[in-house]
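Examining the three-dimensional arrangement
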Amino acid sequence: MSFTLAIVGRPNVGKSTLFNRLVGKRLALVDDQPGVTRDLREGDARLGDLRFVVIDSAGLELADDDSLQGRMRRLTEHAVEMADVCLFLIDARAGVTPADEIFADILRRKNAHVIVAANKAEGRAGDGGAIEAWGLGLGEPLRISAEHGEGLDDLYTALRPLADEFAERHAADVPQTDVEVEEGSEDETVVPVPTREKPLQIAVIGRPNAGKSTLINKILGEDRLLTGPEAGITRDAISLTMDYMGTPMRFWDTAGMRKRGKVNDKLEKLSVADGLRAVRFAEVVVVLLDVNIPFEVQDLRIADFAETEGRAVVVAANKWDLEEDKPEKLKELRDSFERLLPQLRGAPLVTVSAKTGKGLDRLHAAIMRAYEVWNRRISTAKLNMWLGAMTEAHPPPAPGGRRIKLRYMTQVKTRPPGFVIMATHTDKLPESYGRYLVNGLRNDFDMPGVPIRLTFRDQGAKNPYKDRKKSIPSRLTKHVEARKAAERKGEKAKGGVAPKGTVRVEKTAPKKQRPPKK
């Protein structure tokens, strides 16, 4: 998906009809009654060779209060701010209304890429409305018919250059993950150095009111992000590029993530989804905890999500300046971390104070350490020596009396590290043995807290005798083979050649008897 397209406009101008046309399914309800759509709906759209995300929105109403129409309008405006491109629909048969002019002025300020389209323009009934759309000041209007599929080629022509632009921007922002190791490469010291063109990307995630925005402001040295005692101030995932102690980094500030059952507001759902997307753009994820209530269930889920996405994880306990018994609290934090997050065993755990700035040097060192381990490369020779020692200390089980053999190991990927072990009977290898090897990799090669991907490949498919059945010889075959073996044995003893099918019997001279004594 290269970009996001939001379809907005007054009620009953054909937004849901166009949404269904682009996704190729009847996902959105369509009716002649205005105001059917109230929530935002996303879908995977296809238009020629373009693949993008399309958002169907509620109809824009002239309401600013807390009424239903006012809440629907705020939700639609938030979708416009999140989208890369905004498609503003008008009714070509009704023409441009005063409400259209107001909304066009709002869209011009909220989104840089706005395309205006006159829907219901089939035939000559929509000529007047399409001409009036020039007066909105949003460029040349497109004449389309969502019901009959007319004018979609013009929409494709308008979106094609924007798609290329966003694809280049997306490629520059998305970090390289699951990098394959070149065959024969044994260099263990290759770690990409962050530059201003390609800074190290950090996502700061956590529960609401943990101090994420305050921490980024302290690192930046100015109050760029809005902060306050209220929870849930941040809604959009905002990125800021800076030099953090001499290292170019791009920080993503995300919205606080609460339990799914407590999220009722549509805006909060969008904010959480935006924060999860920021994790996929990051290379290192900083999970920020409130030291007063650390390791809540939601904290554990957030850290587990970052590990599942394959990102390097750093756990930071904020508001450390409010803690009185610091040594005892630190011991409690480490014990809880080891017990509740075994999949991130050994990950850096640092204490910081976003308010006073203490601990920011430790946070920088932990981020760079996690980034270095995330790019770790281990030579094949060391891996196989280690595998031999591990299997000798704790051999694999032998289900059904058949020993599982681990023959060969190599590293195939970095960012995060990925390893492959060639073995036999991998379907019978228990998960506990895989965890035993992963924990050994962490301890012996100093890779704490980084996701490790370990895959077992069965070599049984390469064995030509695997599925071949043993043939049991009959009694006649045994008899014939025995006669042939006896014939060969006789030939070797005398050197002669016996007739075929006969057994050669050698006569021996009788022994001379010794004469009796006189």
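Residues numbered from 1 in each chain as written. Predicted model: local features only at pLDDT ≥ 70, side-chain atom pairs only at ≥ 80, totals over all residues. Heavy atoms only, no water.

Another aspect to go through is the overall build of the protein chain. Summing up its helical and strand segments, the protein chain has 13 helices and 16 strands in all. Across the 518 residues that make up the protein chain, the buried fraction comes to 46%. In the protein chain, the share of contacts with a sequence separation of at least 24, taken over all contacts with a separation of at least 6, comes to 70%. By element, 50% of the accessible surface of the protein chain is carried by carbon and sulfur atoms, the whole surface being about 28900 Å². (Helix = DSSP H or I, 4+ residues; strand = E, 2+ residues; numbered from the N terminus. Buried < 20%, exposed > 50% of the residue type's maximum accessible area, 1.4 Å probe, protein only. Contact = heavy atoms within 4.5 Å. Areas by Shrake-Rupley, 256 points an atom, 1.4 Å probe, with all protein chains shown as cover.)

What follows deals with the pattern of salt bridges. With the rule as written, the count across this model stands at 18 salt bridges. A salt bridge links Lys 120 to Asp 91, with the nearest nitrogen and oxygen atoms 3.5 Å apart. Taken together, the residues span a long stretch of sequence, with Lys 120 in the loop between strand E5 (114-119) and helix H4 (127-132) and Asp 91 in strand E4 (residues 85-91) at a distance of 29 residues. Under the relative-accessibility criterion, Asp 91 is labelled buried at 11%. In this structure, Lys 319 engages Asp 290 in a salt bridge whose closest nitrogen and oxygen atoms are separated by 3.2 Å. One end of the pair, Lys 319, is in the loop between strand E12 (312-318) and helix H9 (326-340); the other, Asp 290, is in strand E11 (residues 284-290), and 29 residues separate them in sequence. Salt bridges here are not isolated pairs; linked through shared partners, they connect Arg 369, Glu 372, Arg 376 and Asp 446. (Salt bridge = Lys/Arg side-chain N within 4 Å of Asp/Glu carboxyl O.)

This paragraph deals with the sheet that holds strand E7 (residues 179-180). Backbone-to-backbone hydrogen bonds join strands into a sheet, with any given pair of strands oriented parallel or antiparallel. Taking strand neighbours across the sheet as the criterion, the four strands line up as E7-E14-E15-E16 in an open arrangement whose pairing is mixed. Because the sheet does not close on itself, it has two edges, and the strands there are E7 and strand E16 (453-458). As paired elements, E7 and strand E14 (residues 406-414) share two bridges and run antiparallel to each other. Counterpart to Val 179 in the pairing with E14 is Thr 414. (Pairing = 2+ DSSP bridges.)

What follows deals with the sheet that holds strand E6 (residues 142-143). The sheet built from six strands is open, its strands ordered E2-E3-E1-E4-E5-E6 with mixed pairing. Looking at which strands have only one partner, the edges of the open sheet turn out to be strand E2 (41-47) and E6. The strands touched by helix H1 (residues 15-23) within the sheet are strand E1 (4-9), E2, strand E3 (50-56) and E4, with E2 carrying the most contacts at an inclination of about 55°. In the packing of helix H3 (residues 98-110) onto the sheet, contacts are made with E1, E4 and E5, and the angle to E4 comes to roughly 175°. (Axes fitted to C-alpha atoms, helices over the stretch in contact; angles between N-to-C directions.)

This part takes up the side chain of Arg 10. By the element assignment, Arg 10 lies in the loop between E1 and H1. A polar atom in the side chain of Arg 10 sits 3.2 Å from the side chain of Thr 97. Separated by 2.9 Å, the side chains of Arg 10 and Asp 100 make a polar contact. Ignoring sequence-local partners within four residues, the contact set of Arg 10 consists of Lys 15, Gly 59, Leu 60, Leu 89, Asp 91, Ala 94, Gly 95, Thr 97, Ala 99, Asp 100 and Phe 103. (Polar contact = N/O pair within 3.5 Å; in protein donor to acceptor, adjacent residues only side chain to side chain.)

What follows deals with the nonpolar core. Phe 251, Leu 363, Ile 367, Met 409, Phe 419 and Leu 441 are the most contacted members of the largest nonpolar core, which totals 50 residues. Take this core: its biggest share by element is eight residues, from helix H10 (residues 360-374). Among residues more than four places away in sequence, those in contact with Met 409 are Thr 380, Leu 383, Asn 384, Trp 386, Leu 387, Phe 419, Val 420, Ile 421, Leu 441 and Leu 454. Ala 45, Leu 47, Leu 142 and Ala 163 belong to the second largest nonpolar core, which has 28 residues in total. (Core = buried A, V, L, I, M, F, W, Y, C linked by side-chain atoms within 4.5 Å.)

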